[in-house]
Amino acid sequence: MWTIWVIIFWISTVLIRAVPPVCDLLSVLKKEEENCAETLLLEAKNRTPENDLLLSSGRCAGMWDNMSCWPSSAVGQTVNAHCPAFFQMLTGKKGFVYRNCTSEGWSDPYPRPDIACGYNVNDTTNEARRSYFMTLKTMYTIGYCTSLVTLMIALVVLVSFRRLRCTRNYIHMHLFTSFILRASSNFIKDAILFSSEDINYCGAYTAGCKLTMVFFQYCIMSNYSWLLVEGLYLHTLLVISFFSERKFLWWFIALGWGAPTVFVAAWATARQLHENIGCWDINTNANTWWIIRGPIVFSIFINFIIFVNILRILMRKLSSPEGRSSDFNQYKRLAKSTLLLIPLFGVHYIIFAFFPEDTSSGTMEIQLFFELALGSFQGFVVAVLYCFLNGEVQLEVKRKWRQWHLSKHLRQHLSTSASNGGSGLTQEMQMVRSNPPEHWRATFQRSSVL
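Residues numbered from 1 in each chain as written. Predicted model: local features only at pLDDT ≥ 70, side-chain atom pairs only at ≥ 80, totals over all residues. Heavy atoms only, no water.

A. Expanded view of the pairing of strand β5 (residues 78-82). Judged by which residues are buried, β5 turns out to be one-sided: Val79 and Ala81 face inward and are buried, whereas Thr78, Asn80 and His82, on the alternate face, are not. Relative to strand β6 (residues 96-102), β5 runs antiparallel, the two being bridged by five bridges. Paired with histidine 82 across the bridge in β6 is phenylalanine 96. (Buried < 20%, exposed > 50% of the residue type's maximum accessible area, 1.4 Å probe, protein only. Helix = DSSP H or I, 4+ residues; strand = E, 2+ residues; numbered from the N terminus. Pairing = 2+ DSSP bridges.)

Pasting the structure below:
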């Protein structure tokens, strides 16, 4: 019972790390218990009368103590066991726990397993870490909600206005969709992983939980893929003068949505064959995890190189005589947007990808802050840069607003005229056609310019 309470207390401190309620830990414990039962059964089969006579002075029977496996031993022996596997998953620290075999049976384990394996339940610093993680969880929940709302508004704006339908904005729409899926999958994942503390949950919903993690990993990979597509498209605009945008768009769609499917399918297959533990949210095998992490790191690295080259091209254009023309401001705005997007496109992911996931070093807190707290607002920043601050979008919205306002004003004016009688309406229509009011004329002129 003490073991389960230690597990639950530890999970509460690392909730933000997406450790499921007991499920993965119980799966590991169950596997360790089965291995121990096989070891003790093999030991019993290999027992001979000579061995029993040798141990007639007393012995401690082999047992499973809910955490570690202890083989049969003679009185007076000290036996060591490795740290329980679930502790190694959580702390990454390897250590040993000892028991003495006495005439009265096994002694209590020493040092206590949680201390020997790198975690002290009585350590007051864990409360501060738990508070930090809960604050972090609140921050990324707010961030993803903000991003989700702004991205949906931005997507509706780009879809609603026909004049905004072009290859550039189509790519923006796909990028918005990938951010929406990423935020939604994060909420779905949290709802599935933390929906119940019942142990029966672990076996009843394992398949659905694994599918949720597959969908979550696909959304993350597709998001990074479309960030790469944005970089490739911007680079193509600056480097190639004439190209078929429609043809390139289909290649970009294949890269953005198709490439992640291949890697996520390979990762799911590897997990099923070699690391089929729990809900697939804890990555104990680095080789399997790099099936997902490798392509993401590679895409971010390529994106960084692309944007450095974009800045080089922009600086060259700005320093040339042509850069002083009417395109100067356009290139300047593009350069500013590029500088903002370089850190946004996940450069921090490359830095932390090669750091060990050690909970005691402090790097995990920093990594989680960048990936979750700041990363959750990426969708919001993208929506603001590519939609709300987009001059083309602003002009189109203003044009539609003026048209709606003019139409409403005209309907009100005609309705007032109609209430004065048919002759008055006819005269009013003729007057409007021959000599429209000045503010209507000005509105028409501004609309024609836009």
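There is more to say after this.
B. Focus on the side chain of asparagine 390. Examined against the element boundaries, asparagine 390 turns out to sit in the loop between α15 (378-388) and α16 (391-418). Judged by relative accessible area, asparagine 390 falls into the buried class, the value being 15%.

C. Quick look at the packing of helix α10 (residues 245-274) against helix α11 (residues 286-319). Two elements in contact, α10 and α11, have axes whose closest approach is 8 Å; the angle formed by their N-to-C orientations is 165°. Judged by the angle between their axes, α10 and α11 are roughly antiparallel. The interaxial crossing formed by α10 with α11 has left-handed handedness. Counting all contacts with α10, which are made through Phe263, Val264, Ala266, Trp267, Ala270 and Arg271, the residues of α11 involved are Thr288, Trp289, Ile291, Ile292 and Pro295. By residue class, the composition of the contact of α10 with α11 is nine nonpolar, one polar and one charged. (Axes fitted to C-alpha atoms, helices over the stretch in contact; angles between N-to-C directions. Parallel < 35°, antiparallel > 145°, perpendicular 65-115°, else oblique. Left-handed = near helix turned anticlockwise from the far one by under 90°. Contact = heavy atoms within 4.5 Å. Nonpolar A, V, L, I, M, F, W, Y, C, P; charged D, E, K, R; others polar.)

D. Structural detail: the pattern of salt bridges. This model, assessed by the stated rule, comprises five salt bridges. Residue aspartate 65 is joined to arginine 99 by a salt bridge in which the shortest nitrogen-to-oxygen separation is 2.9 Å. Note that aspartate 65 is positioned in the loop between β2 (63-64) and β3 (69-70) and arginine 99 in strand β6, a separation of 34 residues in sequence. Aspartate 65 sits in the buried class, given a relative accessible area of 18%. Relative accessible area serves as the criterion here: at 8%, arginine 99 is assigned to the buried category. (Salt bridge = Lys/Arg side-chain N within 4 Å of Asp/Glu carboxyl O.)

E. Region of interest: the state of the cysteines. Overall, the coordinates contain four disulfides when judged by the stated rule. Residue pairing for cysteine 60: its cysteine sulfur links by disulfide to cysteine 101, the two sulfurs lying 2.1 Å apart. Taking the torsion about the S-S bond as the criterion, the cysteine 60 to cysteine 101 disulfide, at about 105°, is right-handed. Within this pair, whereas cysteine 60 is found in strand β1 (residues 59-60), its partner cysteine 101 is found in strand β6, the two being separated by 41 residues in sequence. Cysteine 60 sits in the buried class, given a relative accessible area of 2%. Overall, the relative accessible area of 2% leaves cysteine 101 in the buried class. Here cysteine 83 is linked by a disulfide to cysteine 117, with a sulfur-sulfur distance of 2.1 Å. The disulfide joining cysteine 83 to cysteine 117 has a torsion of about -110° about its S-S bond and is therefore left-handed. Note that cysteine 83 is positioned in the loop between β5 and α4 (85-91) and cysteine 117 in the loop between α5 (113-116) and α6 (125-160), a separation of 34 residues in sequence. Judged by its relative accessible area of 0%, cysteine 117 falls in the buried class. Along the protein chain, the cysteines that take part in disulfide bonds pair up as 1-3, 2-5, 4-6, 7-8, counted in sequence order. (Disulfide = S-S within 2.5 Å.)

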